[in-house]
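Below are the chains, spelled out letter by letter.
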Amino acid sequence: MRPENYQPVEHPASHEYELYFGPNHPGIEGNYALKVRLTGDEIVGIKADGGYLHRGFEKIMEDRLWIQNVALVPRICVPDPPPMEETYARAVEMIGGLEVPERAQWIRAMILEMSRICGHLFIVGGTAATIGQYSNMFWGITDRDYLLDLFEALTGARIYHMFITPGGVRRDIPDGFLDKLSHILDYLEARLPEYDDLFFNNPVFHKRAEGIGVITQEQALAWGVTGPNLRACGLALDVRRDDPYLIYDQLAFDIPTETSGDVLARTMVRRSELIESIKILRQIVQRLPQIKGPIRCDLPNPLAWNLPEGDAYARTEAQKGELAFYAVSTGGSKPWRVHVRGPSSMHAVQVLEKLCLGGRIEDIALIMFSLDACPPEVDR
Amino acid sequence: MTTNIPIKSDPNTDIACRTPDMEERSLLRKVIDRIADRCRSRSLFILHYCTGCGAIELPPVITSRFDSERLGIQPMVTPRQADILLITGYLSVKTLKRVILTYEQMSAPKYVIGMGSCTINGGMYWHSYATIKRLQEYMPVDMYIAGCMPRPEAIQQGFLQLIDNIDKGQAIAWQDYYYQYDKYLGNQQALFGPDWHTPTDVIAEARHYELFSENTIGEHTALLAKFASKYVTLQCEELVK
Ligand code: SF4
């Protein structure tokens, strides 16, 4: 501190103190911050402080061609990019009246479910790490890497695939891909009992997570909670079932729910969703070889591609909750406006603030990770 | 890296400043520096600060699959104990302030790695109103890892290269921050406004490390003093009231 810059601030005597939680803090998910007021270790006030990752997506997208935005949208949510591509592509298809071939729809669903498993493994490991169980984090990240290898074989990239384009997908699946996928699914299923022993049935975790960060059903609906967090309160709402997109109406899967709405319930919902995603992927592996046809519909020259006037709202059940794109076209080669409705902007701001209030400081990280908020998507 | 010839003695402190010229060091100094560089390169801590999307490739790098611990590289939570500041992607202006504060808190020698094309030229967000485009305008960078996003293998290759550079005594970009503080501060002020100042007294540190040069102070650091004195006067006025 430069001595000449030092300004003593007089505060009245108080038991409260203010703590800056993040952005440079291992207990926070990504580049995000919270301003916490505490007495002892009890939280009496909390304010989310985002904006560290703001890039102005919605503005940048207005500046680029419809097809150029395909490369931009996955970067909105880093741990789970494919739903972004898919939803954007679907919004564009709705405006342009494009028909996606059936084979492309199956491939898209496969990518979405693989990404869901990746995201769940990542966040369950992260939740474990916040209470000091690092082995689970190491396992989760390593197992996720097997799926990333598959993504690489399919799309050429580990994280940002830019594989789902308006009108279909970029390439067909390579030879032997489905065998590799079912092999990995077998492996993941065999790993699940080990995860149970280490983490999901661990009494330490149960003691720590039970009754922490409880959301009731009314609160969940009022605060705009979606995805696994909503299903952890006992509401079986899922866009894949309620408003089927792609080929989800031809697949058999359950919507797992829990009732208590606390950290434990949210983690357990994710565990069951892992099993459901594996089930869905098995069905896709079985059905995909029988579905023949093109993987992309005919597009005009994408560099001179003017969409007709109109708007569209497309929504998806992403790994973190309900994701939606609202795109407006005025008949030009660029979007007039694109709005992103991300799940995390609710979870990381209003829900997190309310759940932490009255809690204890050591639970902030646990609650944040159990809500599975994704700061790059909050700030956009 | 551009290094200027530092002035021999500083009129304010009367301390003879060390010349950084490698050849002018005494033999003992050279031996000690060599040993220190070798030791430093074998144990590096990355600051746990994930600034952009590249951060998603760091968990694979530091956990079992790619395991950077076998290179002696581990994450560290506090800036004071960290050696490497890994800028994992785009920096919004708000983050850049925190990054500069963090960088100044780290103790020398410190190394900055810019990861991803966003740190090099703005990358994907080259026309975004919220992000900075060239990291090296605001702090000296030892190495860039290109790619969007770089693969874990590329990141590890970068680490290996950095280890090699430290071992050879070539990773000295941090000294540039002291030699050219005025330039870096000017760029920061252009972004954050003329009254931008950080808690760390970089000029005093430059003297302490004997890295004070004629470019350490200049018109921009003068502004620092001007605004600092404004705060002081304000404080005095308040006291009078
Ligand atoms: S270089 Fe690519 S991956 Fe890295 S921060 Fe920029 S957009 Fe993200």
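Everything quoted here is computed from the prediction, not taken from an experiment.

Trainee: Tell me about the overall build of chain A, and please be specific about residues and values.
Mentor: Helix and strand counts for chain A stand at 14 helices and eight strands. The C-alpha atoms of chain A give 22 Å as radius of gyration, which agrees with the globular expectation for 380 residues (21 Å, within 12%). Expressed as lengths along the three principal axes of its C-alpha atoms, the size of chain A is roughly 75 × 50 × 40 Å. Here chain A holds 380 residues, and 61% of them are scored as buried. Considering only residue pairs separated by 6 or more positions, chain A has 71% of its internal contacts joining residues 24 or more positions apart. Counting 39 positive and 52 negative side-chain charges, chain A places the centres of these two groups 3 Å from one another.

Trainee: Would you mind going over the domain arrangement of chain B in detail, with residue names and values included?
Mentor: Residue and element names in this part refer to chain B. When its domains are assigned, chain B resolves into domain 1 (30-171) and domain 2 (180-241). With centres defined by C-alpha atoms, the gap from domain 1 to domain 2 works out at 26 Å. Taken together, the contacts link 14 residues of domain 1 with 13 residues of domain 2. In total, domain 1 and domain 2 occlude about 1100 Å² of area from one another, counting both sides; carbon and sulfur atoms represent 67% of this. Counting the surface domain 1 buries against domain 2, the share from its top three residues, Lys-97, Glu-104 and Tyr-138, is 44%. Where domain 1 meets domain 2, there are zero salt bridges. Joining domain 1 to domain 2, the criterion identifies two residue pairs in polar contact (both at pLDDT 80 or more). The class makeup of the residues in the side of domain 1 that touches domain 2 is nine nonpolar, two polar and three charged.

Trainee: Summarise the site of the ligand; cite the residues concerned and give the values.
Mentor: Residues in contact with the ligand amount to 13 residues; listed here are only the nearest, Arg-75 of chain A together with Cys-53, Ser-117, Cys-118 and Cys-148 of chain B. Classifying every residue of the shell around the ligand by side-chain character gives eight nonpolar, four polar and one charged.

Trainee: Account for the interface of chain A and chain B, with residues named and values stated.
Mentor: The interface of chain A with chain B comprises 43 residues on the first partner and 48 residues on the second. Carbon and sulfur atoms make up 56% of the area that chain A and chain B hide from each other, which totals about 3800 Å². Summed over the shared surface of chain A and chain B, the number is five salt bridges. Of the charged contacts, one joins Asp-145 of chain A and Arg-65 of chain B as a salt bridge, the two residues approaching to 2.5 Å between their closest N and O atoms. For the side of chain A that touches chain B, the elements supplying multiple residues, two or more each, are helix H1 (57-62), helix H2 (69-72) and helix H5 (134-155) of chain A. The leading source of residues in the side of chain A that touches chain B is H5 of chain A, at eight residues. Each residue belonging to the side of chain A that touches chain B can be placed in one class, and the counts come to 20 nonpolar, ten polar and 13 charged.

Trainee: Help me get a handle on the packing of helix H11 (residues 263-287) of chain A against helix H13 (residues 363-371) of chain A, residues and values and all.
Mentor: A pair of packed helices can be characterised by two numbers: the angle between their axes and the separation between those axes. All names here are of chain A. In the contact formed by H11 and H13, the axes pass within 9 Å of each other and the chain directions differ by 35°. As H11 runs across H13, the sense of the crossing is left-handed. In this structure, H11 uses Val-263, Arg-266 and Arg-270 to contact H13, whose residues at the interface are Leu-366, Ile-367, Ser-370 and Leu-371.

Trainee: Tell me about the pattern of salt bridges, and name the residues and values.
Mentor: If you walk through the whole model with that rule in mind, you get 42 salt bridges over all chains. Of the charged contacts in the structure, one is a salt bridge between Arg-37 of chain A and Glu-16 of chain A, with a shortest N-O distance of 3.0 Å. Taken as a pair, Arg-37 of chain A in strand E2 (residues 33-39) and Glu-16 of chain A in strand E1 (residues 16-21) lie far apart in primary sequence, 21 residues in all. Since its relative accessible area comes to 31%, Arg-37 of chain A is described here as partly exposed. Salt-bridge contacts for Glu-152 of chain A lead to Arg-151 of chain B; the nearest nitrogen and oxygen are separated by 2.5 Å. Of this pair, Glu-152 of chain A sits in helix H5 while Arg-151 of chain B sits in the loop between strand E5 (143-145) and helix H5 (152-167), placing the two residues on different chains.

Trainee: Outline the packing of helix H4 (residues 102-130) of chain A against helix H6 (residues 177-200) of chain A, supporting the account with residue identities and numerical values.
Mentor: Residue and element names in this part refer to chain A. Orientation of H4 relative to H6, taken along the N-to-C sense of each, is 25°, at an axis distance of 13 Å. What the angle tells us is that H4 and H6 run roughly parallel. Crossing angle aside, the handedness with which H4 passes H6 is left-handed. Listed contacts from H6 to Met-110, Met-114, Ile-117, Leu-121, Val-124 and Ala-128 of H4 are Phe-177, Leu-178, Leu-181, Leu-185, Leu-188, Tyr-195, Phe-199 and Phe-200. In terms of residue class, the contact of H4 with H6 is made up of 14 nonpolar, no polar and no charged.

Trainee: Lay out the sheet that holds E1 of chain A with the relevant residues and their values.
Mentor: Residues and elements named next belong to chain A. If you walk across this open sheet you meet the three strands as E1-E2-E3, and the pairing is antiparallel. One side of each edge strand has no neighbouring strand; the edge strands of this open sheet are E1 and strand E3 (42-49). Strand-to-strand twist in this sheet, taken as the mean axis angle between neighbours without regard to direction, amounts to 20°. Bridging between E1 and E2 involves six bridges; their strand directions are antiparallel. Its bridge partner lying in E2, Tyr-17 is registered against Leu-38.

Trainee: Explain the nonpolar core to me, using residue names and the numbers behind them.
Mentor: Core analysis: the largest hydrophobic core is formed by 130 residues, its most contacted members being Leu-34, Met-110 and Phe-325 of chain A. Considering each element in turn, this core owes the most residues, 16 residues, to H4 of chain A. When neighbours within four sequence positions are excluded, Leu-34 of chain A is seen to be in contact with Leu-19, Tyr-20, Phe-21, Ile-28, Ile-46, Lys-47, Ala-48, Asp-49, Leu-352 and Ile-364 of chain A. Counting 33 residues, the second-largest nonpolar core is a separate cluster that includes Ile-87, Leu-96, Met-139 and Tyr-181 of chain B.

Trainee: So, the packing of aromatic side chains: which residues are in play, and what are the values?
Mentor: Enumeration over the complete set of coordinates arrives at 16 aromatic pairs over all chains. Where Tyr-248 of chain A meets Phe-253 of chain A, the ring centres are 6.2 Å apart and the plane angle is 75°; that geometry is what we call edge-to-face. Exposure class is identical for Tyr-248 of chain A and Phe-253 of chain A. Each is buried. Both rings, one in Tyr-90 of chain B and one in Tyr-125 of chain B, keep their centres 5.2 Å apart while their planes meet at 85°; by these two values the pair is edge-to-face.

Rules behind the numbers
- Residues numbered from 1 in each chain as written.
- Chains lettered and ligands numbered in written order.
- Predicted model: local features only at pLDDT ≥ 70, side-chain atom pairs only at ≥ 80, totals over all residues.
- Heavy atoms only, no water.
- Helix = DSSP H or I, 4+ residues; strand = E, 2+ residues; numbered from the N terminus.
- Rg over C-alpha atoms; globule rule 2.2 N^0.38 Å.
- Buried < 20%, exposed > 50% of the residue type's maximum accessible area, 1.4 Å probe, protein only.
- Contact = heavy atoms within 4.5 Å.
- Lys, Arg positive; Asp, Glu negative; His and termini not counted.
- Charge placed at Lys NZ, Arg CZ, Asp CG, Glu CD.
- Domains from an automatic or database assignment.
- Buried area = accessible area lost by both parts, 1.4 Å probe.
- Salt bridge = Lys/Arg side-chain N within 4 Å of Asp/Glu carboxyl O.
- Polar contact = N/O pair within 3.5 Å; in protein donor to acceptor, adjacent residues only side chain to side chain.
- Nonpolar A, V, L, I, M, F, W, Y, C, P; charged D, E, K, R; others polar.
- Near = heavy atom within 4 Å.
- Axes fitted to C-alpha atoms, helices over the stretch in contact; angles between N-to-C directions.
- Left-handed = near helix turned anticlockwise from the far one by under 90°.
- Parallel < 35°, antiparallel > 145°, perpendicular 65-115°, else oblique.
- Pairing = 2+ DSSP bridges.
- Core = buried A, V, L, I, M, F, W, Y, C linked by side-chain atoms within 4.5 Å.
- Phe/Tyr/Trp six-rings, centres within 6.5 Å; stacked < 30°, edge-to-face > 60°.

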